[in-house]
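# Inside the fold
What follows is the residue order along each chain.
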Amino acid sequence: PPLYKQRYQFVKDLVGKYKPKKVADLGCADCTLLWMLKFYNCIEVLAGLDICASVMKEKMHRLYPLPADYLQPSERSLTVTLHHGSVAHEDPCMLGFDLVTCIELIEHLEESELEKFPEVVFGFMAPNMVVISTPNSEFNPLLPGVTVFRHQDHKFEWDRAQFQSWALDAAKRYGYSVEFTGVGNPPTGMEDVGFCTQIAVFVKKYPQTSEPAQSKKPTEAAYKTVFRAVY
Ligand code: SAM
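What comes next is a walk through the structure. Residue indices follow the written sequence of each chain, beginning from 1 at its first position. For this predicted model, a pLDDT threshold of at least 70 governs which residues receive local features, and a threshold of 80 or more governs which side-chain atom pairs are given and counted, while totals over whole chains, interfaces and linings are taken from all residues. In computing side-chain values, all of the structure's heavy atoms are included and hydrogens and water are not.

### Here we look at helix H1 (residues 3–18)
What counts is decided by this rule: A run of H or I in DSSP becomes a helix once it reaches four residues, and a run of E becomes a strand once it reaches two; helices and strands are each numbered from the N terminus. Helix span, expected: 1.5 Å multiplied by one less than the number of residues in the helix. Accessibility here uses a 1.4 Å probe with only protein chains present; expressed as a share of the type maximum, an area under 20% marks a residue as buried, one over 50% as exposed, and anything in between as partly exposed. The contact criterion used is simple: two residues touch if any of their non-hydrogen atoms lie within 4.5 Å.
Over its 16 residues, H1 runs 23 Å from end to end, which matches the ideal 22 Å to within 8%, given 1.5 Å per residue. Among all positions of H1, only Arg7, Tyr8, Phe10, Val11, Lys12, Leu14 and Val15 are buried. Contact partners of the buried residues in H1: helix H2 (32–37), strand E4 (99–103), strand E5 (129–135), strand E6 (176–183) and strand E7 (197–204). A positive phi of about 50 degrees marks Lys19, the residue just after H1.

### Some thoughts on the layout of surface pockets
Applicable threshold: Lining residues are those with an atom within 4 Å of a point, where the points come from a 1 Å grid over the protein atoms alone and group into cavities, where a 1.4 Å probe fits but cannot get out, or pockets, open sets with protein on both sides within 12 Å along at least five of seven lines. Grid points are joined across faces, edges and corners, and a volume is the space filled by probe spheres set on the points. Only Asp, Glu, Lys and Arg are considered charged in this grouping, and only Ala, Val, Leu, Ile, Met, Phe, Trp, Tyr, Cys and Pro are considered nonpolar; every other residue, Gly among them, is considered polar.
Here the largest pocket defines a volume of roughly 680 Å³. As for the largest pocket, its lining consists of 32 residues, of which Gly27, Ile103, Glu104, Leu105 and His108 are closest to the centre. Mapped by element, the contributors of at least two residues to the lining of the largest pocket are H1, strand E1 (22–26), H2 and strand E2 (45–50). Considering every element that reaches the lining of the largest pocket, the biggest residue donor is H1, with 4 residues. Each residue belonging to the lining of the largest pocket can be placed in one class, and the counts come to 18 nonpolar, 7 polar and 7 charged.

### A few points about the packing of aromatic side chains
Cut-off, in case you're wondering: Geometry of aromatic contacts follows a simple scheme: Phe, Tyr and Trp rings, the Trp one being its six-membered ring, pair when their centres are within 6.5 Å, and the pair is stacked under 30 degrees between planes, edge-to-face over 60, tilted otherwise.
Across all of its chains, the model carries 12 aromatic pairs by this definition. Both rings, one in Phe122 and one in Phe202, keep their centres 4.7 Å apart while their planes meet at 55 degrees; by these two values the pair is tilted. Remark: Phe202 occurs in strand E7 and Phe122 occurs in helix H5 (residues 111–125); sequence separation between them is 80 residues. For the pair Phe122 and Phe202, one class covers both residues: buried. Chaining the aromatic ring pairs together yields one cluster made of Phe117, Phe156, Trp158, Phe163, Trp166 and Phe180.

### Structural notes on the pattern of salt bridges
Under the convention used in this document: Any carboxyl oxygen of Asp or Glu within 4 Å of a side-chain nitrogen of Lys or Arg constitutes a salt bridge here.
A complete count under the given rule lists 5 salt bridges for this structure. The residue Asp30 makes a salt bridge to Lys59 at a minimum N-O spacing of 3.3 Å. One end of the pair, Asp30, is in the loop between E1 and H2; the other, Lys59, is in the loop between helix H3 (53–58) and helix H4 (67–71), and 29 residues separate them in sequence. When its relative accessible area of 34% is taken as the criterion, Lys59 is described as partly exposed.

### Examining the site of the ligand
To be explicit about the condition: One heavy atom within 4 Å of a molecule or strand makes the whole residue count as near it. For the purposes of these results, a polar contact is taken to be a pair of N or O atoms within 3.5 Å, where, inside protein, one atom must be able to donate a hydrogen and its partner to accept one; residues adjacent in sequence count only when each atom of the pair is a side-chain atom. Each accessible area is a Shrake-Rupley result for a 1.4 Å probe, and residues are judged covered by the shown protein chains and nothing else. Criterion for pocket placement: a molecule counts as inside a cavity or pocket if more than half of its atoms are within 2 Å of its grid points.
Taken together, 15 residues sit near the ligand, with Tyr8, Gly27, Asp50, Ser86 and Ile103 positioned nearest. A distance of 3.0 Å is found between a nitrogen atom of the ligand and a side-chain nitrogen or oxygen belonging to Ser86. In the environment of the ligand, a nitrogen atom lies 3.2 Å from a nitrogen or oxygen atom belonging to the side chain of Glu113. Isolated, the ligand exposes 600 Å² of accessible area, and the fraction of that covered by the protein chains is 83%. If you map the ligand onto the pockets, it falls in the largest pocket. When the residues that make up the shell around the ligand are grouped by side-chain class, the tally is 8 nonpolar, 4 polar and 3 charged.

Keep in mind that these numbers describe shape and distance, not what the molecule does.
Put into structure tokens, the structure is as follows:
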């Protein structure tokens, strides 16, 4: 299957395994991953964030309940919201999540945004689990036609050592453990280059058993809510 489907499948497998109730997708683009996740019964809250409102709105109608959702209401409640804003800013709507996914997002961030990203995601949002995927530049020589970056909009592409040292540093600073994996197997004989997409899975070391002490967190909104559906 194409690489983007393998990335979505990776997240779906994690959701199937850990059964998070609240999932936020940062850099959700046209909301395809959110749309796939709405079929998981464990999920009660889904939220998307993107800096580009128009791409988020393209197919967001898919996130409205279907006739069947009204005719045969399920036991679980599901709330889906989409927010327009940047991962460089903190907004209380992103508090209290079990899983935060950032699929092919960080390589699109400007240096100043990337600098703020760990504090926003690990420090402020502080979910139990974070998944971050990004291209593995060591794979690029195997991709036809790739001279500098895989996409024009990429601000950087990291090799495994660069990504892992960045991720380990963030994990250490904010009390997470991190494991590395990926999707997109290298061809036989070329295993040394690693996966085409590298993935880090972070797990909070000391998960909060009760509701997080949100009182110390700022309450002012930085994002604009552009979509809300309650099933
Ligand atoms: N996650 C999706 C996927 O895997 O199909 C889309 C990834 S797309 C390559 C990167 C997305 O990140 C774009 O939709 C872009 O608008 C968004 N983005 C870029 N900078 C951002 C920022 N500072 N805050 C939130 N989203 C951002």
